[in-house]
Amino acid sequence: MSSDDESLGGFLQGEQEPSASWAILVLGLVASLTFLTLFSILYPGQNLPVLSDFETFGNLTGGIWFFILGAIFGFFSIIATMITEATRE
Amino acid sequence: MDAVLSTMMIFWVLVFAFYVLVHRGLWIFTDVARGMGLFMLEKALGPGIELVEGRENSAARSWIIQSALWLFFGATLTFEGLWLAHEPSALHSLSAWGYNPTSASLSSAGEYATLYGAVGMAMIGASLHIMPRLLGTELASERNATLVSFLWSLATFVLVIGAHDPSVLGAPVLVIGTTLQTLAFAAILINHLLTLANRTRAIALPAWLIIIGLVSDPLALLANYIAGGFETGVGQWLMVHMIGGTFFFATIAGVVLYTASVATGNALWSRTLVGATLVGSMIAINPLGAIDGSMAVGMLGLSAAELAPSMDERIVASFLMAFALIPVLAFSGNTLVTIRGEDASVENSDSAGIPEINLGAMMLIPLTIGALFIQGDTLSGVAELSGMATTLGKMGIWLILVPLAFGSALALYPAISGRHLASQNRARWAFWLSAGGAAFGLTLTLMSDVIGMSLLSAGVLDPSSLAHDLSVTGSVMFYGAVIGAILHCLNMVSGLFRGTIVAEASATASSIKADSYSLASPTSVRRILAAGAGMDTEVVPVGESDEAGSATKL
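All residue numbers refer to position in the chain's written sequence, counted from 1. Both sets of labels track the order of writing: A upward for chains, 1 upward for ligands. Confidence filtering applies because this is a predicted model: local features only for residues at pLDDT of at least 70, side-chain atom pairs given and counted only at 80 or more, and all residues used for totals across whole chains, interfaces and linings.

K.L.:
Any details on the overall build of chain A? Residues and values, ideally.
P.N.:
Helix and strand assignments follow DSSP, with helices taken as H or I runs no shorter than four residues and strands as E runs no shorter than two, numbered in order from the N terminus. For chain A, the count of helices and strands is 3 helices and 0 strands. The secondary structure elements of chain A, listed N-terminal to C-terminal, are α-α-α. The buried share among the 89 residues of chain A stands at 8%. Our exposure labels follow a C-beta count within 10 Å of each residue's own C-beta, placed from the backbone: buried means 20 or more other C-beta atoms, exposed means 12 or fewer, and partly exposed covers the counts in between.

Given below as structure tokens:
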């Protein structure tokens, strides 16, 4: 918490920050969505470069992929937590 | 004499010989064996042993964190296996990468990852923490135990690959995985035996359960080998159940009984029941597990034989399986009563892991009875219930073994790591997601199996849409176990770095305790404790007056 000089009118300024692992995950998500949005505007109706060339990603049909993507997201959360917690000051 | 009884008798003799050797030692070879064991664990490994640290509890921490990672992989593979059971072509697009999984291969891989990765590593990790404390000494080699945790993980990884394809480039993958695992297991066993040899006090009953449970794994294999069970279907089936009943059940029982007492602060309820658990788990054949010996066949590289027991073998096996209810009931009852204590500890929301142990101990009895009927049905050759065996096996893993082993790891986590979990709230969420997902998901899958069996016995060839819908819902609900595993994993990893230090937590907790409690009227100890009193709180009786009250003068 801030010192008494900074607490004005009952307002208190905290000093904690979100963990770096969450910051990386959110930045990654935002970057992905930004890329997809820009791509769909700049190249409407076209397949994604490189990714769409893979047979796997060209045929992502069936509900299981939503769940697998969730599991992959969880796995990378664990990895991100390991890296960021270990390197945290 | 039939194969089942002869194998079991050899096993009982071997276990009894081990018991005598623990007390008597190896005569003049004791010191030589001890020195050689220590040399093999540390010096013989050369510079490799310097890669890991040897601080107290570092080994247990390493095993348990890796078990959390394997729990995630085990849950994911099992979920995919359940999904492919109702949509076989769901992962067809992965064939572009040369990966063609089936429901059976994913389920098998999930079993290896969960049994040996999650359950096995959590169990061994907890035992590495428990044994030195029960024996009043230090672990013989923390460094070696830490190092072999990575070898065990590698072995599990190889087994998971082997479950998909038992032969890669002509190499028997499952046998390679078993060999790696045997090396790691031998090191852990020697470590435990050396710790046992350095004991400064009598061996407590949970320690007996752990050490005999661990040593029973190779002894069960040896007994089967001597009795010629490697080549017969009965022997292969028996191997699976002997290892399941000793290595998994007895070791977990020892770990859980210790944890139930330590984590709740209650005394272990009954020594007699621990003894019944120990002796019963060695004498009986545990019915939980597969209805064939395919896992033993794959891991040992044997040629599969048909399970065709004689009448004598059926009778002996059925009797010994029914006898397994004694250790199961003894263990379950002892654990539940110990956890409940005076009905105060279960309500302690800070005890992560205790709800898992509670769940595992409660589910043990109905699932064992269910498994008993299915195994009896299989041994009798009727095989009317075999359609439920796979799902019931999964229930045994996800509703008994995982909650008991991983719950113990969670409950011992503060003592092992020196820090509490990052978030108790996240641990609660993880429990409800895991338990709810596994219980509801597998129950719905079991219902789907039962419908399929009924239609099959009635000669109906058209698949049931209800069975399909239940199967879909069951697999979706099981996804809760995947999310629960992710949350558990994140919680444990973050807790290592950011969890409240145990000593600080104690200081914080003591600061809210009342120094004195005024006892104005008769009340229960429970109410006094709920008011913030601790063991050192002074209870002060306050006299009451019957005089009429009056306004307070200001």
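K.L.:
I'd like a rundown of the overall build of chain B, residues and numbers included.
P.N.:
On a plain count of helices and strands, chain B comes out with 18 helices and 4 strands. Over its C-alpha trace chain B gives a radius of gyration of 25 Å, about what one expects of a compact globule, namely 24 Å for 554 residues. The long-range share in chain B, meaning contacts at least 24 apart out of those at least 6 apart in sequence, stands at 83%. Here the globule rule reads 2.2 Å times residues to the power 0.38, and the radius of gyration is calculated from C-alpha atoms. Throughout, a pair of residues is in contact if the C-beta atoms placed from their backbones lie within 7 Å.

K.L.:
Any details on the confidence of the model for chain B? Residues and values, ideally.
P.N.:
Residue and element names in this part refer to chain B. Confidence of the predictor at the level of single residues is given by pLDDT, which spans 0 to 100. Residue-level pLDDT values for chain B average 85, and 91% of them are 70 or greater. Across residues 506–512, confidence stays below pLDDT 50; counting only partners more than four residues off in sequence or on other chains, it has 2 contacts. Confidence estimates for the predicted assembly give a pTM of 0.82 and an ipTM of 0.70.

K.L.:
Let's hear about the nonpolar core: which residues, and what values?
P.N.:
All names here are of chain B. A set of buried Ala, Val, Leu, Ile, Met, Phe, Trp, Tyr and Cys residues, joined to one another through C-beta atoms within 7 Å, is what we call a nonpolar core. Counting residues in hydrophobic clusters, the biggest one holds 180 residues, and the most contacted among them are Ala122, Ile252, Ala405 and Cys489. Ranked by residue count, the leading element in this core is helix α8 (residues 233–264), at 19 residues. With residues near it in sequence (within four places) discarded, Ile252 still touches Met123, Leu401, Leu404 and Ala405.

K.L.:
Please set out the interface of chain A and chain B residue by residue, giving values where relevant.
P.N.:
Across the contact, 17 residues belong to chain A and 20 residues belong to chain B. For the side of chain A that touches chain B, the secondary structure elements donating two or more residues are α2 (55–58) and α3 (64–87) of chain A. The element contributing the most residues to the side of chain A that touches chain B is α3 of chain A, with 10 residues. Residues are grouped as follows: Ala, Val, Leu, Ile, Met, Phe, Trp, Tyr, Cys and Pro are nonpolar; Asp, Glu, Lys and Arg are charged; every other residue, Gly included, is polar. Taken together, the residues that form the side of chain A that touches chain B break down as 8 nonpolar, 6 polar and 3 charged.

K.L.:
Quick one: what's the story with the packing of helix α12 (residues 325–340) of chain B against helix α13 (residues 354–379) of chain B, residue by residue and with numbers?
P.N.:
Residues and elements named next belong to chain B. Between N-to-C directions, angles cover 0 to 180 degrees, with each direction set by a line fitted to C-alpha atoms, over the stretch in contact for helices. It is the contact of α12 with α13, at a shortest axis distance of 9 Å, that shows an interaxial angle of 150°. When the axis of α12 is compared with that of α13, the two are roughly antiparallel. Taken as a pair, α12 and α13 cross one another with a handedness that is left-handed. Along its contact with α12, which presents Leu325, Val328, Leu329, Ser332, Thr335, Leu336 and Ile339, the element α13 presents Ile354, Ile357, Asn358, Ala361, Met362, Leu364, Ile365 and Thr368. Looking at side-chain class alone, the contact of α12 with α13 contains 11 nonpolar, 4 polar and no charged residues. By definition in this entry, angles of less than 35 degrees are roughly parallel, angles greater than 145 are roughly antiparallel, angles of 65 to 115 are roughly perpendicular, and the rest are oblique. Should the near helix be turned anticlockwise from the far one by less than a right angle, the crossing is termed left-handed; should it be turned clockwise, right-handed.

K.L.:
Help me get a handle on the environment of Arg271 of chain B, residues and values and all.
P.N.:
You can see Arg271 of chain B is positioned in helix α9 (residues 271–283). Spatially, the C-alpha atom of Arg271 of chain B lies 33 Å from that of His488 of chain B, the residues being 217 residues apart in sequence.

K.L.:
Could you give an account of the environment of Ser141 of chain B, with specific residues and numbers?
P.N.:
Its place among the elements puts Ser141 of chain B in the loop between α4 (103–135) and α5 (142–164). Setting aside residues no more than four positions away along its own chain, Ser141 of chain B makes contact with Leu41, Glu42 and Asn191 of chain B.

K.L.:
For helix α14 (residues 389–417) of chain B, give the residues involved together with the corresponding values.
P.N.:
Along α14 of chain B, the helix axis deviates most sharply at Ala411 of chain B, where the bend reaches about 40°; the proline Pro414 of chain B sits within four residues downstream. The positive-phi residue at the C-terminal boundary of α14 of chain B is Gly418 of chain B, with phi of around 80°. Two axes enter the definition of the bend at a residue: one is fitted to the seven residues ending there, the other to the seven starting there, and the bend is the angle between them.

K.L.:
With reference to specific residues and values, describe the packing of helix α1 (residues 3–24) of chain B against α8 of chain B.
P.N.:
Residue and element names in this part refer to chain B. Across the interface, α1 lies against α8 with an axial gap of 10 Å and an inter-helix angle of 40°. Here α8 runs oblique to α1, going by the angle between their axes. As α1 packs across α8, the resulting crossing turns out to be right-handed. Across the interface between the two elements, Ala3, Val4, Thr7 and Phe11 of α1 pack against Val234, Gly235, Leu238 and Met242 of α8. Residues that form the contact of α1 with α8 fall into these classes: 6 nonpolar, 2 polar and no charged.

K.L.:
Would you mind going over unusual backbone geometry in detail, with residue names and values included?
P.N.:
Residues and elements named next belong to chain B. One non-glycine residue, Asn57, lies in the positive phi region at around 70°. When you line up the elements, Asn57 lands in the loop between α2 (30–41) and α3 (58–86). Taking the number of C-beta atoms within 10 Å as the measure of exposure, Asn57 has 20 and is therefore buried. The phi dihedral of Leu169 is positive, around 55°, even though this residue is not glycine.

K.L.:
Break down α9 of chain B for me, citing the residues and quoting the values.
P.N.:
Residues and elements named next belong to chain B. A helix is expected to reach a length of 1.5 Å times the quantity of its residues less one. In this model, α9 (13 residues) spans 18 Å end to end at C-alpha, consistent with the 18 Å of a helix rising 1.5 Å per residue. Residues Leu273, Val274, Thr277, Leu278, Gly280, Ser281 and Met282 constitute the buried set of α9. Tucked into the core, α9 has its buried residues touching α1, α7 (205–226), α8 and α12.

K.L.:
Explain the environment of Thr500 of chain B residue by residue, including any values.
P.N.:
Residues and elements named next belong to chain B. Topologically, Thr500 is positioned in the loop between α16 (465–498) and α17 (502–511). The class for Thr500 is partly exposed, based on 16 C-beta atoms found within 10 Å. Sequence separation of Thr500 and Val337 is 163 residues, and the distance between their C-alpha atoms is 30 Å.

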